[in-house]
Amino acid sequence: MSSAARTSDVLTMLASQESERLTVGDIVAVLRDRAFALLVVLLGLPNCLPMPPPIPLVCGLVLLVIAIQIVAGMSAPWLPRRLLDQSIARATVEKAVNRAVPLLRRLERWSRPRLSVFDGAVGMRGMGVLILALALALIVAPPFFGQIPLGLAVSLIGLGLVERDGFVVLIGLLIGGVGVGISIGFVYTLFASIMSAFTWLSQAIPGLGL
């Protein structure tokens, strides 16, 4: 794959792999020297659709590891063997890519290098911190639909980094803020519900001591 290939071409090649399931290691091998930014795109894409567990969790965990490495200033991604061996059905990847590629190609025609604040080492490390926050939100996102704004945000941020387009990155960050808010609300509601259940049990069963 030429370094001049566009994001849509790389993802189309990935979706055309012959195996029934794709491991994270397979994906990293296809992305090669563009692995950091394109891996961010790819980890966002499946979550742009309603996905059952554990897909958002796996994507969030891998994205978390990637974000930490960006913050650390690493030049290429390293993933532990256990994560490299995690797999996703090729049909799922193909479905996400087929839906995303037409939009990606429109964005690629419109996108251009601008707002270069993210280009330098300091800017990239700052992006790593923001991607880390999105990864944590993805891990705790509400099932099936809660991860959609986070998936869209991560995909746009990755595409903006590939195309060196800070405007696309900013759009992704704005959408990501909505997704983070949804995840925080979900976690708060879940915690409040658990605490209310404990309170009810302690009142309903004297001496339970909850």
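This one's a predicted model, so the numbers in the text were calculated from it and none came from an experiment.

A look at the packing of helix 1 (residues 7–15) against helix 3 (residues 35–44)
Inference 1: Packing of helix 1 against helix 3 leaves a shortest axis separation of 11 Å and a crossing angle of 65°. For the pair helix 1 and helix 3, the sense of crossing is right-handed. The residues of helix 3 that touch helix 1, namely those facing Thr-7, Val-10, Leu-11 and Leu-14, are Leu-38, Val-41 and Leu-42.

Remarks on the UniProt feature "transmembrane region" (unreviewed entry) in the protein
Inference 1: Residues annotated in UniProt with the feature "transmembrane region" (unreviewed entry) correspond here to residues 55–79 and 169–191.
Inference 2: The span residues 55–79 is 68% helical and 0% strand by assignment, and the distance between its end C-alpha atoms comes to 17 Å.

Some words on helix 3
Inference 1: Buried residues dominate helix 3, accounting for ten of its ten residues.
Inference 2: Taken together, the buried positions of helix 3 are Ala-35, Phe-36, Ala-37, Leu-38, Leu-39, Val-40, Val-41, Leu-42, Leu-43 and Gly-44.

Side note on the environment of Ser-87
Inference 1: Within the secondary structure, Ser-87 is located in strand 2 (residues 87–89).
Inference 2: Expressed as a C-alpha distance, the spacing of Ser-87 and Ala-76, which sit eleven residues apart in the sequence, is 21 Å.
Inference 3: Here the side chain of Ser-87 touches Arg-21 through a polar contact of 2.8 Å, side chain to side chain.

Let's talk about the packing of aromatic side chains
Inference 1: The full count for this structure, using the stated rule, is one aromatic pair.
Inference 2: Considering the side-chain rings of Trp-110 and Phe-167, the 5.7 Å spacing of their centres and the 65° angle between planes classify their relative orientation as edge-to-face. Within this pair, whereas Trp-110 is found in helix 6 (residues 90–110), its partner Phe-167 is found in helix 9 (residues 166–204), the two being separated by 57 residues in sequence.
Inference 3: The class for Trp-110 is partly exposed, based on a relative accessible area of 39%.

Brief notes about the nonpolar core
Inference 1: Of all hydrophobic cores here, the largest spans 53 residues; its most connected members are Leu-45, Ile-66, Ile-131 and Leu-161.
Inference 2: Broken down by element, this core gets its largest block of residues, eight residues, from helix 4 (residues 55–71).
Inference 3: Excluding anything up to four places from it in sequence, Leu-45 contacts Leu-11, Ala-96, Val-97, Ala-100 and Ser-155.

Structural notes on unusual backbone geometry
Inference 1: One non-glycine residue, Arg-164, adopts positive backbone phi at about 60°.
Inference 2: Checked against the element boundaries, Arg-164 lands in the loop between helix 8 (148–163) and helix 9.
Inference 3: When its relative accessible area of 46% is taken as the criterion, Arg-164 is described as partly exposed.

Some words on the pattern of salt bridges
Inference 1: The full count for this structure, using the stated rule, is four salt bridges.
Inference 2: Here Arg-81 makes a salt bridge to Asp-85, at a shortest N to O gap of 3.6 Å.
Inference 3: Among the residues examined, Asp-85 registers a relative accessible area of 46% and is labelled partly exposed.
Inference 4: Between Glu-94 and Arg-90 there is a salt bridge; the shortest N-O distance is 3.1 Å. Of this pair, Glu-94 and Arg-90 both sit in helix 6, four residues apart, which is roughly one turn of the helix.
Inference 5: A relative accessible area of 30% places Glu-94 in the partly exposed class.
Inference 6: The exposure class assigned to Arg-90 is buried, which follows from its relative accessible area of 18%.

Rules and cut-offs
- Residues numbered from 1 in each chain as written.
- Predicted model: local features only at pLDDT ≥ 70, side-chain atom pairs only at ≥ 80, totals over all residues.
- Heavy atoms only, no water.
- Axes fitted to C-alpha atoms, helices over the stretch in contact; angles between N-to-C directions.
- Helix = DSSP H or I, 4+ residues; strand = E, 2+ residues; numbered from the N terminus.
- Left-handed = near helix turned anticlockwise from the far one by under 90°.
- Contact = heavy atoms within 4.5 Å.
- UniProt positions renumbered as here; feature names shortened; annotations may be inferred.
- Buried < 20%, exposed > 50% of the residue type's maximum accessible area, 1.4 Å probe, protein only.
- Polar contact = N/O pair within 3.5 Å; in protein donor to acceptor, adjacent residues only side chain to side chain.
- Phe/Tyr/Trp six-rings, centres within 6.5 Å; stacked < 30°, edge-to-face > 60°.
- Core = buried A, V, L, I, M, F, W, Y, C linked by side-chain atoms within 4.5 Å.
- Salt bridge = Lys/Arg side-chain N within 4 Å of Asp/Glu carboxyl O.

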